[in-house]
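# What the coordinates show
Residues per chain are reported as follows:
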Amino acid sequence: MRIFTVDSFTDQPFKGNPAAVCLLDSGRSDEWMQALASEMRHSETAFVLGQGDGRPLSLRWFTPTVEVALCGHATLAAAHVLYSTGAASGPLEFSTRSGILTTKLLDHGRISMDFPAYMPTEISTPDGLVEALGVPVVWVGTGPFDILAVVESEQVVRSLAPDIDALATLNARAVCVTARATDASGGVDYVSRFFAPAAGVPEDPVTGSAHCMLGPYWSGKIGEKSLVGAQLSQRGGIVHTTLRDDDHLELSGSAITIWSGALDIP
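Residues numbered from 1 in each chain as written. Predicted model: local features only at pLDDT ≥ 70, side-chain atom pairs only at ≥ 80, totals over all residues. Heavy atoms only, no water.

Here we come to the overall build of the protein. What the protein contains, in helices and strands, is six helices and 18 strands. Viewed in the frame of its principal axes, the protein has a C-alpha envelope of about 50 × 40 × 30 Å. Residues counted as buried form 53% of the 266 residues belonging to the protein. A sequence separation of at least 24 residues applies to 61% of the contacts in the protein between residues at least 6 apart. (Helix = DSSP H or I, 4+ residues; strand = E, 2+ residues; numbered from the N terminus. Buried < 20%, exposed > 50% of the residue type's maximum accessible area, 1.4 Å probe, protein only. Contact = heavy atoms within 4.5 Å.)

The tendency in soluble globular proteins is for nonpolar side chains to be buried side by side. With 36 residues, the main nonpolar core has V21, W61, L92 and F94 as its most contacted residues. The greatest single-element share of this core, amounting to eight residues, is contributed by helix 2 (residues 72-84). Filtering out sequence-adjacent residues up to four positions away, F94 remains in contact with V48, P56, L57, L59, A79, L82, G99, I100, L101 and T103. Of all hydrophobic cores here, the second largest spans 25 residues; its members include V157, L160, A172 and A179. (Core = buried A, V, L, I, M, F, W, Y, C linked by side-chain atoms within 4.5 Å.)

Of all six residues in strand 8 (residues 111-116), five are buried; the element is thus mostly enclosed. Counting the residues between successive antiparallel strands, the hairpin from strand 7 (residues 99-105) to strand 8 contains five residues, one of them, G109, with a positive phi of roughly 95°. Note: strand 8 against strand 17 (residues 248-253), six bridges, orientation antiparallel. Residue pairing for strand 17: I111 is matched across the bridge by G253. (Pairing = 2+ DSSP bridges.)

Now the structure itself:
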């Protein structure tokens with residue numbers, strides 16, 4: 001079976017968010033896929049299975065410890081592998097735990113993905129959130145998976161040094177911290193960081209699924225449907241979002257293959 005490591009939401013090697021992509025030759029057990037994801041140790045490993053008969057490809061995502069219901073950067077990585085190896089050329093449909101996800105290769109080399117849009121719902125600040133982040137928050141919301149914490153400035157997002165163990169005790173997959181970009185003229189509209197210790201990922205480098213909340217939230221605040229978000233992890237990455245309607249969001253970004261090989265296990 002072919003296996004790849006792809007850096008997503010970047011056009012530079014060793015930036016963005018690395019994901020493993022395994023092109024399955026047949027169905028494998030959940031335990032087998034989880035074991036391989038643990039071996040790869042990326043924030044997500046994507047498993048693609050399909051017959052090339054026009055039906056949607058099966059796509060599943062595993063962190064080193066759990067399966068997740070939605071992952072943007074590993075979807076981008078999977079589509080990039082299929083396009084770059086010549087296995088696909090037109091729009092792709094993936095059957096996932098979050099429904100059918102569609103991707104297409106754009107003229108400028110980025111890959112677009114049709115994802116669900118999640119406008120976060122305002123909630124009371126959860127007990128322990130401010131203490132775990134170590135900074136004040138100005139607004140807190142939640143989507144189907146994560147807590148969204150808005151802070152007062154880009155500099156606050158950049159300098160965050162949260163208590164990762166404390167964040168893991170909150171009742172959510174992850175905590176996404178965001179603010180309006182300081183210099184909108186630089187082409188970036190908002191910034192974020194994403195902490196998911198409860199899913200085995202202390203800080204995710206670039207998180208496509210988080211932008212399913214970030215895009216709608218900041219489109220509502222800024223008044224523009226198309227925005228550019230920068231995730232300010234150590235590796236960093238750029239995610240383009242376009243709000244299509246209340247339920248659909250287009251995410252797009254670049255990707256680059258770092259290595260490819262074959263699994264030698266039976």
